[in-house]
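Tertiary structure, described
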Amino acid sequence: MASLLSSGSSISSSNRTLNRHFRSQIRFFSAPTSLQWHQRFVVRATDTKTNEGNSQSLDKTPASRGSSFNQLLGIKGAKRETDKWKVRLQLTKPVTWPPLVCGVVCGAAASGNFHWNIEDVTKSILCMMMSGPCLTGYTQTLNDWYDREIDAINEPYRPIPSGAISENEVITQIWVLLLGGLGLGGLLDVLAGHKEPIIFYLALGGSLVSYIYSAPPLKLKQNGWIGNFAMGASYIGLPWWAGQALFGTLTPDIIVLTMLYSIAGLGIAIVNDFKSIEGDRALGLKSLPVAYGVETAKWICVGAIDMTQISVAGYLMGAGKPLYGLALLGLIVPQVFFQFQFFLKDPVKYDVRYQASAQPFLVLGLLVTALATSH
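Each chain has its residues counted from 1, running along the sequence as written. Whole-chain, interface and lining totals are the exception, using all residues; otherwise, since this is a predicted model, local features are given only for residues with pLDDT of at least 70 and side-chain atom pairs are given and counted only at 80 or more. Note that water and hydrogens are dropped before the side-chain values are worked out from all heavy atoms of the structure.

This next bit is on the overall build of the protein. Here a helix means four or more residues in a row that DSSP labels H or I, a strand means two or more in a row labelled E, and each is numbered from the N terminus. Scanning the protein from terminus to terminus reveals 17 helices and 0 strands. Only protein chains enter the accessibility calculation, which uses a 1.4 Å probe. A residue is then buried if its area is under 20% of the maximum for its type, exposed if over 50%, and partly exposed in between. Within the protein, the fraction of its 375 residues that count as buried is 54%. We get accessible surface area from the Shrake-Rupley algorithm with a probe of 1.4 Å; when it comes to residues, only the shown protein chains can shield them. When the accessible surface of the protein is totalled, it reaches about 15,900 Å², and 65% of it is carbon and sulfur.

Following this line, the structure appears as structure tokens:
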């Protein structure tokens, strides 16, 4: 479910040529010239590397120094792979699955009806598969497809701009993951005995948000505020709702609380924008680092994350659950430490390290909130 992205002030002439080349390509639902497109792209990428020895375009992550582990997780610093299934896995960005999986866990916990038996565990695993590998994988593959112009500038070693996977293969993967996720949503409604297919509707809604986030004409990611909030809601609100609907009933207070937490998700989404400033600026995307500059955007990012959690902690204390509120405040402290240790020093250089060190505490905070609302 949902959904997606090094700073510089100039772009080489070869990258502008590559950008114009991409603008002439076919859109998502048409594929008659895939082989021709793929061949032309590989030639362009090769020409860029040959003609500009001092360009960083194809040398940002040399194959000899890339990490196989990073490749499987789908993060920067990845080794260039030729194994098709490893490339397919890279497109789904497995590193983005855990927040969705944890969202399902939070929803199940908040329902108060989850039991440690084979039936409930099986339903939980199916819901995690729907939220993580299927629909998050769909979102990430779709985003990479529509970001191929930006990646050709920022991360030309990624699978699509490097030519490691063809257009038809990418489109097939998008459809398989989407239909697989929707199918699991329908199955979960049957297993839960729902009269209305609420989980299927959530899956369908999340898929639609993912599509309009990445694809024209709406392309929500063109607006840093709207796009990042949509991503935050998809990563926090939707999987929580699915997990809670699977085992219980969604209530208005839970919907409001998770939408509030999605503001923290907005901050998390901004983290990914710093490495794409060059390409975003070239293609007219108004990400927050482009619109406000790196210094202002990084404070907006950490402010959204921290203030949201502080607000939720205040809500829990006001609701007569002070221990949960204090526990949440305690989990904010290490996040702030890692923000100053890594992210606020250099959001481009330390983005992955910051996310790996700070986000587990955010996830634990979500779980604390879920447990508080289940009583």
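Another point: the packing of aromatic side chains. Centre distance within 6.5 Å is the pairing criterion for rings of Phe, Tyr and Trp, where only the six-membered ring of Trp is used; planes under 30 degrees apart are then read as stacked, over 60 as edge-to-face, and the remainder as tilted. Taken as a whole, this structure holds 12 aromatic pairs when the rule is applied. Taken together through their ring pairs, the aromatic side chains of F337, F338, F342, Y350 and F361 make up a single cluster. For a lysine, the NZ atom is tested; for an arginine, the CZ atom; a charge sits over a ring if that atom is within 6 Å of the ring centre and within 35 degrees of the ring normal. Stacked on the ring of W85, the Lys or Arg R88 has its end atom at 5.6 Å from the ring centre. It is R148 that lies over the ring of W145; its NZ or CZ is 4.1 Å from the centre.

Salt bridges are defined as contacts in which a side-chain nitrogen from Lys or Arg sits within 4 Å of a carboxyl oxygen from Asp or Glu. All chains considered together, the criterion is met by 8 salt bridges. A salt bridge links K221 to D147; the nearest nitrogen and oxygen atoms lie 2.6 Å apart. Taken together, the positions of K221 in the loop between helix 10 (198–214) and helix 11 (224–247) and D147 in the loop between helix 6 (118–146) and helix 7 (148–154) put the pair 74 residues apart, joining distant regions of the chain. Both residues of the pair, K221 and D147, belong to the buried class. Residue D151 is joined to R158 by a salt bridge in which the shortest nitrogen-to-oxygen separation is 4.0 Å.

The subject of this paragraph is a nonpolar patch on the surface. Think of a patch as exposed residues, more than 30% relative accessible area, with no salt bridge, where like charges cluster within 9 Å and nonpolar side chains (Val, Leu, Ile, Met, Phe, Trp, Tyr) cluster within 5 Å. Nonpolar side chains collect at one region of the surface, where M307, I310, M317, L323, L326 and L329 lie side by side and expose about 560 Å² of accessible area between them. Contributions of two or more residues to the nonpolar patch are made by helix 15 (294–318) and helix 16 (322–343). Counting through the fold element by element, L329 comes out in helix 16. The exposure class assigned to L329 is partly exposed, which follows from its relative accessible area of 31%.

A separate point is helix 15. Residues three or four positions apart in an α-helix share a direction because the helix packs 3.6 residues into each turn. Every helix has an expected span of 1.5 Å times one less than the residues it contains. Compared with an ideal rise of 1.5 Å per residue, which puts 25 residues at 36 Å, helix 15 spans 36 Å between its outermost C-alpha atoms and is within 8% of the ideal. Note on helix 15: the residue one or two positions beyond its end, G320, has a positive phi of about 80°.

The set of buried Ala, Val, Leu, Ile, Met, Phe, Trp, Tyr and Cys residues whose side-chain atoms join them within 4.5 Å is what this entry labels a nonpolar core. In terms of nonpolar packing, the biggest core is built from 68 residues, with M130, W240, Y261, F343 and Y354 touching the most fellow members. Whether two residues are in contact is decided by their heavy atoms, any of which lying within 4.5 Å being enough. Once residues within four sequence positions are removed from consideration, Y354 is found in contact with V271, I305, Q335, F338, Q339, F342, F343 and Q359. L100, L220, A230 and Y235 belong to the second-largest nonpolar core, a separate cluster that totals 7 residues.

As a further point, take helix 5 (residues 97–111). Across its 15 residues, helix 5 extends 22 Å between first and last C-alpha, which sits within 8% of the 21 Å expected from 1.5 Å per residue. Looking at the buried residues of helix 5, the elements they touch are helix 4 (84–92), helix 6, helix 11 and helix 17 (351–373). Of the residues trailing helix 5, G112 is marked for its positive phi of about 75°.

Attention shifts here to the UniProt feature "transmembrane region" (unreviewed entry) in the protein. UniProt positions are given in the numbering used here, feature names are shortened, and annotations may be inferred rather than shown by experiment. Cross-referencing UniProt, the feature "transmembrane region" (unreviewed entry) maps to residues 174–192, 198–213, 225–242, 254–271 and 323–344 in the present numbering. End C-alpha atoms of residues 198–213 are separated by 22 Å, and the span's content is 100% helix alongside 0% strand. Structurally, residues 323–344 comprises 95% helix and 0% strand, and the distance from its first C-alpha atom to its last is 30 Å.

For the rest of this paragraph, the subject is the environment of W85. Tracing the backbone through its elements, the reader meets W85 in helix 4. By relative accessible area, which is 67% here, W85 ends up exposed. Note: C-alpha distance between W85 and L72 (13 residues apart in sequence) is 9.9 Å.

Bringing the packing of helix 6 against helix 10 into the picture now. To get an axis, a line is fitted to the C-alpha atoms, and for a helix only the part in contact is used. The angle between two axes follows their N-to-C directions and goes from 0 to 180 degrees. In contact at an axis separation of 9 Å, helix 6 and helix 10 are set at 20° when each is read in the N-to-C sense. Classified by the angle their axes make, helix 6 and helix 10 are roughly parallel. Remark: the crossing between helix 6 and helix 10 carries right-handed chirality. Along its contact with helix 6, which presents M130, L135, Y138, T139, L142, N143 and Y146, the element helix 10 presents I199, A203, S207, S210, Y211, Y213 and S214. When an angle is under 35 degrees it counts as roughly parallel; over 145 it counts as roughly antiparallel; between 65 and 115 it counts as roughly perpendicular; any other value is oblique. Left-handed is the label given to a crossing in which the near helix is rotated counterclockwise from the far helix by less than a right angle, and right-handed is the label when the rotation is clockwise.

Counting rule for disulfides: a pair of cysteine sulfur atoms within 2.5 Å. The final tally for this structure, using the stated rule, is 0 disulfides. Left without a disulfide partner, C102 is nearest to the cysteine sulfur of C106, which lies 6.7 Å away.

Another point: the side chain of D189. Relative to the helices and strands, D189 resides in helix 9 (residues 167–192). The side chain of D189 sits in the buried core without any salt bridge; K123 is the nearest counter-charge, 11 Å away. Ignoring anything within four residues of it in the chain, the contact list for D189 reads H194, E196, P197, I198, I199 and F200. When charges are counted, neither His nor the chain ends are considered; positive counts come from Lys and Arg and negative counts from Asp and Glu.

What follows covers unusual backbone geometry. For the bond from P216 to P217, the omega torsion is 10°, close enough to zero to count as cis. Despite not being glycine, K93 has its phi angle at roughly 50°, a positive value. Relative to the elements of secondary structure, K93 occurs in the loop between helix 4 and helix 5. Taking relative accessible area as the criterion, K93 reaches 12% and is therefore assigned buried.

Moving on, we get to the environment of V368. Relative to the helices and strands, V368 is located in helix 17. Its relative accessible area of 16% is what places V368 among the buried residues. In this structure, the C-alpha to C-alpha distance between V368 and L331, residues 37 residues apart in sequence, is 9.6 Å. Contacts of V368, omitting those with residues within four sequence positions, involve Y324, A327, L328 and L331.

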